[in-house]
Amino acid sequence: MAGAFRRVGTPASMLTLVCLVLSVLAAAAPATAAKDPRLTRAVYVDPTTASARAAVKDKRYAPIGSRAQAFWLTEGYPASKVASVAAEYADRARRAKRTPLLAVYAITGRDCGQHSAGGLSPTQYKAWVDQVAKGLRGRYAMVVLEPDALALLGACSGQGDRTALLRYATRSLARAGVWVYIDAGHSRWITPQDMAKRLVSAGVRDARGLATNTSNFRPTSEERTYGAAVVAELAKLGVKGKRYVVDTSRNGAAKPVTPGVWCNPPAARLGHTPMIVDRNGLDAYLWVKRPGESDGQCEGGPNAGTWWPTGARRLLAR
């Protein structure tokens, strides 16, 4: 035994022993997780959007059609089809080595009867959002969940248990690997303190974080201040490490659009180009609202969500 010990102690044998120990330790140590592709890939530019098709015919629209924008899932895609629709879109993004960005917009009592009124019953909504999650499972998607839903909480009847529905949707999508950003209105609507409380009730613990300025016009600097303030308020409530995104699709006017003016304001202009930021709590600047699509029948615009060349040219200052 003593002789065997001395042989192990020779330089060559000692090197062999050290290598063996290191290999065992390496096998036991957990592998370092690869950086999530959503932090490095650009958001997908969908060539089938109305703005992209318009840009093919008229290059004036290229600054809109050539930019990444959200794909909106509403009850117009029934539960029997929405999983395949979401999967097909996300797979196109994957083949392009880009991140799929979607807006989920079908909650009960949506938009309080205004231009984008609609939504599913609570039972239908849960079944529908489960199908959305099924379609996005494992596809590294980003979702802005239910624009205006929390900001309009309690503003009208017929909403059902809205925060419970948002909790359900957030959990279902997060379990599918989706980065969920629950919509948090904007800086001139709900205070950071109140919005943080609403977000906790809506299940933000399970979400990546929150979204600000969706379909609105507040300046980027103002929204960054607001997003950071909501994140700080969440931390005070014990929900730490949350992130935020800002919709910059139409907030680029030199003089900010008058607060409260939200339906096709002629003074609105395109905002910051969509990009992943991943800094100081800000994940990205996104175009969630599709520029050039109408907010509703106001200021000469068509129905909400309809491509509107006149409105697009206004955003381009043309």
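Above: the structure in question.
So, here's what we can say about the structure. Predicted model only: the values in this text are computed from it and were never measured. (Residues numbered from 1 in each chain as written. Predicted model: local features only at pLDDT ≥ 70, side-chain atom pairs only at ≥ 80, totals over all residues. Heavy atoms only, no water.)

## With respect to the overall build of the protein
Phase 1: Broken down by element type, the protein carries 10 helices and eight strands.
Phase 2: The burial tally for the protein puts 49% of its 318 residues in the buried class.
Phase 3: Residue pairs in contact within the protein that sit at least 24 positions apart in sequence constitute 72% of those at least 6 positions apart. (Helix = DSSP H or I, 4+ residues; strand = E, 2+ residues; numbered from the N terminus. Buried < 20%, exposed > 50% of the residue type's maximum accessible area, 1.4 Å probe, protein only. Contact = heavy atoms within 4.5 Å.)

## A closer look at the packing of aromatic side chains
Phase 1: Applying the stated criterion across every chain, the model contains six aromatic pairs.
Phase 2: Connected via pairs of aromatic rings, a cluster forms that spans Tyr44, Phe71, Tyr77 and Tyr89.
Phase 3: Directly above the ring of tyrosine 105 sits arginine 110, whose terminal nitrogen or CZ lies 4.6 Å from the centroid.
Phase 4: Lying over the aromatic face of tryptophan 179, arginine 208 brings its terminal NZ or CZ to 3.8 Å of the ring centre. (Phe/Tyr/Trp six-rings, centres within 6.5 Å; stacked < 30°, edge-to-face > 60°. Lys NZ or Arg CZ within 6 Å of the ring centre and 35° of its normal.)

## Overview of empty space enclosed by the protein
Using a probe with the size of a water molecule, rolled over the atoms, empty space left in the structure can be pinpointed.
Phase 1: All chains considered together, the criterion is met by one cavity of 30 Å³ or more.
Phase 2: Its volume calculated, the largest cavity comes out at about 120 Å³.
Phase 3: Along the wall of the largest cavity there are 14 residues; nearest its centre are Arg250, Asn264, Trp308, Gly311 and Leu315. (1 Å grid on protein atoms, 1.4 Å probe; cavity = no way out; pocket = protein on both sides within 12 Å on 5 of 7 lines; lining within 4 Å. Points joined across faces, edges and corners; volume = space filled by probe spheres on them.)

## What about the sheet that holds strand β1 (residues 71-73)?
Phase 1: Across the sheet, which stays open at both edges, the eight strands sit in the order β1-β2-β3-β4-β5-β6-β8-β7 with mixed pairing between neighbours. A single partner strand is all that each edge strand has here, and the edge strands are β1 and β7 (275-279). Taken pair by pair, the neighbouring strands of this sheet meet at an average axis angle of 25°, ignoring direction.
Phase 2: In this structure, β7 lies alongside strand β8 (residues 282-286), joined through three bridges in antiparallel fashion. Residue pairing in the sheet places methionine 275 in a bridge with tyrosine 285 of β8.
Phase 3: Contacting β1, β2 (101-104) and β3 (142-145), helix α6 (residues 122-136) runs over the sheet at an angle of about 175° to β2. (Pairing = 2+ DSSP bridges. Axes fitted to C-alpha atoms, helices over the stretch in contact; angles between N-to-C directions.)

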